[in-house]
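What the coordinates show
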Amino acid sequence: MTVIDAHAHIYPEAIAPRAVEAVGAFYGVQQAMAGKGTAEDLIAATKRSPITHFIVHSVATTAHAVTAINDFIAKQCQAHPEFIGFAAMQQDFEDPAAELQRAVE
């Protein structure tokens, strides 16, 4: 049976600890934040649950981060078949339609 976690954040190794801490602080859920925020940590979680796939994404807080985030998500999805990518967008991004088309491709 396929079980999909429809909301999983992953971050590059270099920023994952800070990102997890910031998200937990922003939402006031430090105690509920589990894991290290990396792709490898998310995959390890499948061994402790019935989850077989993850819709993975990350948040673009600035327009200039959008393409790098989408490249990161795409690379992780290519490396991990259990990942389904969800593109990032930010309201000040210059050409959202072109970037979303690029992300789909």
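This section reports on the structure supplied with the text.

Calculation notes
- Residues numbered from 1 in each chain as written.
- Predicted model: local features only at pLDDT ≥ 70, side-chain atom pairs only at ≥ 80, totals over all residues.
- Heavy atoms only, no water.
- Helix = DSSP H or I, 4+ residues; strand = E, 2+ residues; numbered from the N terminus.
- Contact = heavy atoms within 4.5 Å.
- Phe/Tyr/Trp six-rings, centres within 6.5 Å; stacked < 30°, edge-to-face > 60°.
- Buried < 20%, exposed > 50% of the residue type's maximum accessible area, 1.4 Å probe, protein only.
- Salt bridge = Lys/Arg side-chain N within 4 Å of Asp/Glu carboxyl O.
- Pairing = 2+ DSSP bridges.
- Axes fitted to C-alpha atoms, helices over the stretch in contact; angles between N-to-C directions.
- Core = buried A, V, L, I, M, F, W, Y, C linked by side-chain atoms within 4.5 Å.

This part is about the environment of Val-3. Summarising the element assignment, Val-3 is placed in the segment before β1 (4–9). Note: C-alpha distance between Val-3 and Ala-88 (85 residues apart in sequence) is 23 Å. In contact with Val-3, not counting residues within four places along its chain, are Pro-50, Ile-51, Thr-52 and His-53.

Two aromatic rings, taken as a pair, are described by how far apart their centres are and by the angle between their planes. Tallying each qualifying case throughout the model produces 1 aromatic pair. Summarising the aromatic geometry, the rings of Phe-54 and Phe-83 are spaced 6.2 Å apart at their centres and angled 85 degrees between planes, so their arrangement reads as edge-to-face. Of the two residues, Phe-54 sits in strand β2 (residues 53–57) while Phe-83 sits in strand β3 (residues 83–85), which places them 29 residues apart along the sequence. Exposure remark for Phe-83: the relative accessible area of 5% places this residue in the buried category.

What follows concerns the pattern of salt bridges. Per the counting criterion, the structure on display carries 2 salt bridges. As a salt-bridge pair, Arg-102 and Asp-71 come within 2.7 Å of each other at their nearest N and O atoms. Highlighted residues: Arg-102 in helix α4 (residues 96–104) and Asp-71 in helix α3 (residues 66–79), separated in sequence by 31 residues. With a relative accessible area of 37%, Arg-102 lands in the partly exposed category. Asp-71 gets classed as partly exposed once you look at its relative accessible area, which sits at 40%. We note a salt bridge from Glu-99 to Arg-102, for which the minimum N-O separation is 2.8 Å. Within this pair, Glu-99 and its partner Arg-102 are both found in helix α4, separated by 3 residues, close to a single helical turn. A cluster of three or more residues bridged by salt bridges with shared partners is formed by Asp-71, Glu-99 and Arg-102.

What follows concerns the sheet that holds β3. Strand order in the open sheet formed by 3 strands is β1-β2-β3, with parallel pairing between adjacent strands. The sheet is open, and its two edges are formed by β1 and β3, each paired on a single side. The mean angle between the axes of side-by-side strands here comes to 30 degrees, regardless of whether they run parallel or antiparallel. Note: β1 against β2, 4 bridges, orientation parallel. Paired with His-9 across the two strands is His-57, which belongs to β2. Helix-sheet contacts for α3 involve β2 and β3, and the interaxial angle to β3 is about 150 degrees.

With 17 residues, the main nonpolar core has Ile-10, Leu-42, Phe-54, Val-56, Ile-69, Ile-73 and Phe-83 as its most contacted residues. Take this core: its biggest share by element is 5 residues, from α3. Beyond its immediate stretch of four places on either side in the chain, Val-56 contacts Ala-8, Ile-10, Leu-42, Ile-73, Cys-77, Phe-83, Ile-84, Gly-85 and Phe-86.

These values are about where atoms sit, not about what they do.
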